[in-house]
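# Structural overview
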Amino acid sequence: MGLAVSGAALAQTTMRISISTAQNSHQGVAIDTFAKEVEKRTGGRYKVQTFYNGALGGERESIEAVQLGTQELTFSSTGPIPNFVPETKVLDVPFLFRDKAHARAVLDGPIGQDMLTKFDAKGFKALAWAENGFRHMTNSKRDVKAPEDLKGLKMRTMENPVHIAAYKGFGIITTPMAFPEVFTALQQGTVDGQENPLSVIISAKFDQVQKHLTLTGHVYSPCIFLMNKAAFDKLSAADKQAFIEAAKEGTKANRARVDEDDAKGVADLRAKGMTVIDNVDKAKFVQALAPVNAEFEKQFGKATLDKIRAVK
């Protein structure tokens, strides 16, 4: 793609990055910042084109495209990631993280950084962890004040084995579905509800098709900048560093936007007519998942989960 830059002898290489959500979202901020930083840090030799709203496919399709090398970059939640890199499954265990500060400390510290290296063998270069935020439940049927209120609700879930196992533990009828299909499925009543961070609920305008929101904060959802490994390996050492630093800047902007959305999101959604249950007895939800959590301890090892919980 050697398009000659006008007035310069430098060849410019164009790459693509995509998200499933809107440009005006925490994910949009992440890739817009990343693209700007890549261009700046490589003196314009690399240009990153940005695509929004699943224009290049849902998260799973875009991850597959990056793995195959038909797309250079993507920015995705970790929903479908365990299908490619099983070691990341542990991050999706419900109620594993105390708060965002704890989750960020884990991802930015040795545990998270070691996990980034697991992508190399699968055809990816994982540039940086970013954030989706804590996930909350919405539905069109009823207020959810306790775990038993979830029984029988048909909920869209991410294509993620840990989430599906956990939500079945609540008695939810799980319906895995790619994100670009969710709004229509809610609108048509194919599913009763979905679960996502406030940032996603706001940017996807789910308030138009969902009446009830409960701040369960049941799962912390990371995001990740992924690049095709062969495309990354072709870069010079300086350009490799430029891409990694650009991803870190994208993460900073992304987390700041999540914090902003979390701070004003509830009032915003209430103003749009949603009923918000914010005084949730989390202990009851944790207790309801005791049998599922026992399975997760067997699957991941209690020592691994305790190590994550112990991070300050």
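Calculation rules
Residues numbered from 1 in each chain as written. Predicted model: local features only at pLDDT ≥ 70, side-chain atom pairs only at ≥ 80, totals over all residues. Heavy atoms only, no water. Helix = DSSP H or I, 4+ residues; strand = E, 2+ residues; numbered from the N terminus. Contact = heavy atoms within 4.5 Å. Polar contact = N/O pair within 3.5 Å; in protein donor to acceptor, adjacent residues only side chain to side chain. Salt bridge = Lys/Arg side-chain N within 4 Å of Asp/Glu carboxyl O. Buried < 20%, exposed > 50% of the residue type's maximum accessible area, 1.4 Å probe, protein only. Axes fitted to C-alpha atoms, helices over the stretch in contact; angles between N-to-C directions. Parallel < 35°, antiparallel > 145°, perpendicular 65-115°, else oblique. Nonpolar A, V, L, I, M, F, W, Y, C, P; charged D, E, K, R; others polar.

### Observations concerning the environment of Gln210
Structurally, Gln210 can be placed in the loop between α7 (198–203) and β9 (212–228). Considered as a pair, Gln210 and Asn279 are 69 residues apart in the sequence and their alpha carbons are 19 Å apart. Ignoring any residue separated from it by four or fewer positions in sequence, one finds Gln210 in contact with Thr138, Asn139, Ser140, Leu186, Asp192, Gly193, Gln194 and Met274. A distance of 3.2 Å separates a polar atom in the side chain of Gln210 from the backbone nitrogen of Asn139. Within the local environment of Gln210, its side chain forms a polar contact with the backbone oxygen of Asp192, the two atoms lying 3.2 Å apart.

### Quick notes on the pattern of salt bridges
Throughout the structure, instances matching the rule amount to 22 salt bridges. As a salt-bridge pair, Glu64 and Arg60 come within 3.6 Å of each other at their nearest N and O atoms. Of this pair, Glu64 and Arg60 both sit in helix α2 (residues 59–68), separated by four residues, roughly a single helical turn. A salt bridge links Glu249 to Lys252; its shortest N-O distance comes to 3.1 Å. Here the residue Glu249 and the residue Lys252 both occupy positions in helix α9 (residues 237–271), the gap between them amounting to three residues, near one helical turn. Residue class for Lys252 comes out exposed when judged on its relative accessible area of 54%. Three or more residues joined by partner-sharing salt bridges are found here, namely Lys100, Arg104, Glu131, Asp259 and Asp262.

### Thoughts on unusual backbone geometry
One non-glycine residue, Asn53, lies in the positive phi region at around 55°. Structurally, Asn53 is set in the loop between β3 (46–51) and α2. A relative accessible area of 52% means that Asn53 is categorised as exposed. Residues other than glycine seldom take positive phi values, yet Phe95 does so here, at roughly 55°. Mapped onto the elements of the fold, Phe95 is located in the loop between β4 (73–77) and α3 (100–108).

### Description of the packing of helix α5 (residues 161–169) against helix α11 (residues 290–300)
At their nearest, the axes of α5 and α11 sit 10 Å apart, and the two run at 155° to each other. Judged by the angle between their axes, α5 and α11 are roughly antiparallel. Taking contact as the criterion, the partners of Val162, Ala165, Ala166 and Gly169 in α5 are, on α11, Val292, Phe296 and Phe300. When the residues that make up the contact of α5 with α11 are grouped by side-chain class, the tally is six nonpolar, one polar and no charged.

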